[in-house]
Amino acid sequence: MATSSSPERAESDASVDRRADPLTLEVVELIGTVVARYYEEYEAAAGEHALTGAQARVLGLLSVEPMPMRRIAQKLKCEPSNITGIVDRLEARGLVERRPDPADRRVKLAAPTEEGVRVARGLRDSLDFAREPLAELSREERVSLRGLLRRMLGAGA
C-alpha cells in the first residue's frame, strides 16, 4: 500500500495543487478575460469593415503572407471547407484573390488584393485593446511576457 509520503505520491499531489492553487486559477481567469476582450474588440473592428470575425482573421493572416487554404485552416484550427467559403466571400468583395503557388502550380494560394491589404491594415490599426496595455509595459516586460506565452504554448523562448 502506497503512503502519501512516497515520492511518486508527493509529486502527484504537488502537480494537482499547482493546477488548483488560487494563483493558477486567477491567472487562468485573467487569460480568459484577455482573450474574451480581444475577441470582442476584433469582432467589433471586423463589423466596422462589414466583415465577420472569421473573415477578418483570414484576411489578417493573408496580409502577412499568401497561403493555401489548408494552411489557413491549420492556423485557425478549423476545417478547410470552412476556409474555402470564407475565402470565396472575401474574393467576391475584392479583398482576396486566388493565384497559383510559384513553388507548386497545382496548389492555389489565397492572397490579399491591394484593397485587402488596406482593409487588413485598418483592422490592425483599430485594435487598441491589446496594444494599449502592452504599450504601458517596458520592452523588457514585453520580451518576458512573450517568452512566457511562447513557453506556455510549447514554442520555447
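Residues numbered from 1 in each chain as written. Predicted model: local features only at pLDDT ≥ 70, side-chain atom pairs only at ≥ 80, totals over all residues. Heavy atoms only, no water.

1. Observations regarding the nonpolar core
We count it as follows: What is meant by a nonpolar core is a set of buried Ala, Val, Leu, Ile, Met, Phe, Trp, Tyr and Cys residues, joined one to another through side-chain atoms within 4.5 Å. Between buried and exposed lies partly exposed: a residue is buried under 20% and exposed over 50% of the maximum accessible area for its type, with that area taken using a 1.4 Å probe on protein chains only. For the purposes of this entry, the term helix denotes a DSSP run of H or I that reaches at least four residues, the term strand denotes a run of E that reaches at least two, and both are numbered from the N terminus.
Judged by nonpolar contacts, the single largest core of 23 residues is most densely connected at Leu51, Val58 and Ile83. Secondary-structure elements contributing two or more residues to this core are α2 (22-48), α3 (53-64), α4 (69-76), α5 (80-92) and α6 (114-126).

2. A few points about the packing of α4 against α5
Our working definition: An axis is simply a line fitted to the C-alpha atoms; with a helix, the fit covers only the stretch in contact. Between two such axes, the angle follows the N-to-C directions and lies from 0 to 180 degrees. Should an angle lie under 35 degrees it is considered roughly parallel, over 145 roughly antiparallel, and from 65 to 115 roughly perpendicular; all remaining angles are considered oblique. Each crossing gets its handedness from the near helix: less than a right angle anticlockwise from the far helix is left-handed, clockwise is right-handed. By definition in these notes, contact holds between two residues if any of their heavy atoms fall within 4.5 Å. Here the term charged refers only to Asp, Glu, Lys and Arg, the term nonpolar to Ala, Val, Leu, Ile, Met, Phe, Trp, Tyr, Cys and Pro, and the term polar to all other amino acids, Gly among them.
Running from amino to carboxyl end, α4 crosses α5 at an angle of 110 degrees, the nearest separation of the two axes being 8 Å. For the element pair α4 / α5, the angle class is roughly perpendicular. For the pair α4 and α5, the crossing hand works out as right-handed. Of the residues in α5, those in contact with Met69, Arg70, Ile72, Ala73 and Leu76 of α4 are Pro80, Ile83, Thr84 and Val87. Among the residues making up the contact of α4 with α5, the classes are represented as 7 nonpolar, 1 polar and 1 charged.

3. Concerning the environment of Glu65
With respect to the element layout, Glu65 can be found in the loop between α3 and α4. The exposure class of Glu65 is partly exposed, given its relative accessible area of 34%.

4. Digging into the layout of surface pockets
Unoccupied space between atoms shows up once a probe the size of one water molecule is rolled over them. Rule in force here: In this analysis a 1.4 Å probe is tested at points of a 1 Å grid over the protein atoms alone, and where it fits but cannot get out there is a cavity; an open set with protein on both sides within 12 Å along at least five of seven lines is a pocket; lining residues have an atom within 4 Å of a point. Grid points are joined across faces, edges and corners, and a volume is the space filled by probe spheres set on the points.
Its boundaries defined by the atoms lining it, the second largest pocket holds a volume of some 160 Å³. Looking at which element gives the most residues to the lining of the second largest pocket, the answer is α2, with 5 residues.

5. Focus on a positive patch on the surface
Under the convention used in this document: The patch calculation keeps residues exceeding 30% relative accessible area without a salt bridge and links them within 9 Å when they carry like charges or within 5 Å when they are nonpolar (Val, Leu, Ile, Met, Phe, Trp, Tyr). To be clear on the numbers: accessible area is Shrake-Rupley with a 1.4 Å probe, and residue cover counts the displayed protein chains and nothing else. Salt bridges are counted wherever a side-chain nitrogen of Lys or Arg sits within 4 Å of a carboxyl oxygen of Asp or Glu. Under the convention used here, Asp and Glu are negative, Lys and Arg are positive, and both His and the chain ends fall outside the count. Every charge is mapped to an atom, namely NZ of Lys, CZ of Arg, CG of Asp or CD of Glu.
A grouping of Arg139, Arg142, Arg146 and Arg150 is seen on the molecular surface, where their side chains present a positively charged patch. As for its placement among the helices and strands, Arg146 is situated in helix α8 (residues 139-152). Its relative accessible area of 45% is what places Arg146 among the partly exposed residues.

6. A closer look at the pairing of strand β2 (residues 104-112)
Note on strand geometry: in a regular strand, side chains alternate between the two faces of the sheet. Using the following cut-off: Strand pairing follows a simple DSSP-based rule, namely that at least 2 bridges must link the two strands.
Where strand β1 (residues 96-101) meets β2, 6 bridges bridge the pair, whose relative direction is antiparallel. Following the sheet pairing, Arg99 is matched in β2 by Leu109. Linking β1 back to β2 in an antiparallel pair, the connection comprises 2 residues.

7. Observations concerning the environment of Phe129
Note that Phe129 resides in helix α7 (residues 128-135). Residues Phe129 and Arg37, spaced 92 residues apart in sequence, show a C-alpha to C-alpha distance of 7.5 Å. Among all residues touching Phe129, those that are not within four sequence positions of it are Val34, Arg37, Tyr38 and Glu41.

8. Regarding the pattern of salt bridges
Overall, the coordinates contain 7 salt bridges when judged by the stated rule. Residues participating in the shared-partner salt-bridge network are Asp88, Glu91 and Arg98.

9. Observations regarding the packing of aromatic side chains
As a reminder of what qualifies: Aromatic contacts are taken between Phe, Tyr and Trp rings whose centres are within 6.5 Å, Trp giving its six-membered ring; a plane angle under 30 degrees counts as stacked, one over 60 as edge-to-face, and the others as tilted.
In this structure the tally under the stated criterion is 2 aromatic pairs. Chaining the aromatic ring pairs together yields one cluster made of Tyr38, Tyr39 and Tyr42.

10. A look at unusual backbone geometry
With phi around 55 degrees, Ala50 is a residue other than glycine that occupies positive phi space. Mapped onto the elements, Ala50 comes out in the loop between α2 and α3. If you check the backbone angles, Lys77 has positive phi at about 55 degrees while not being a glycine. Within the secondary structure layout, Lys77 lies in the loop between α4 and α5.

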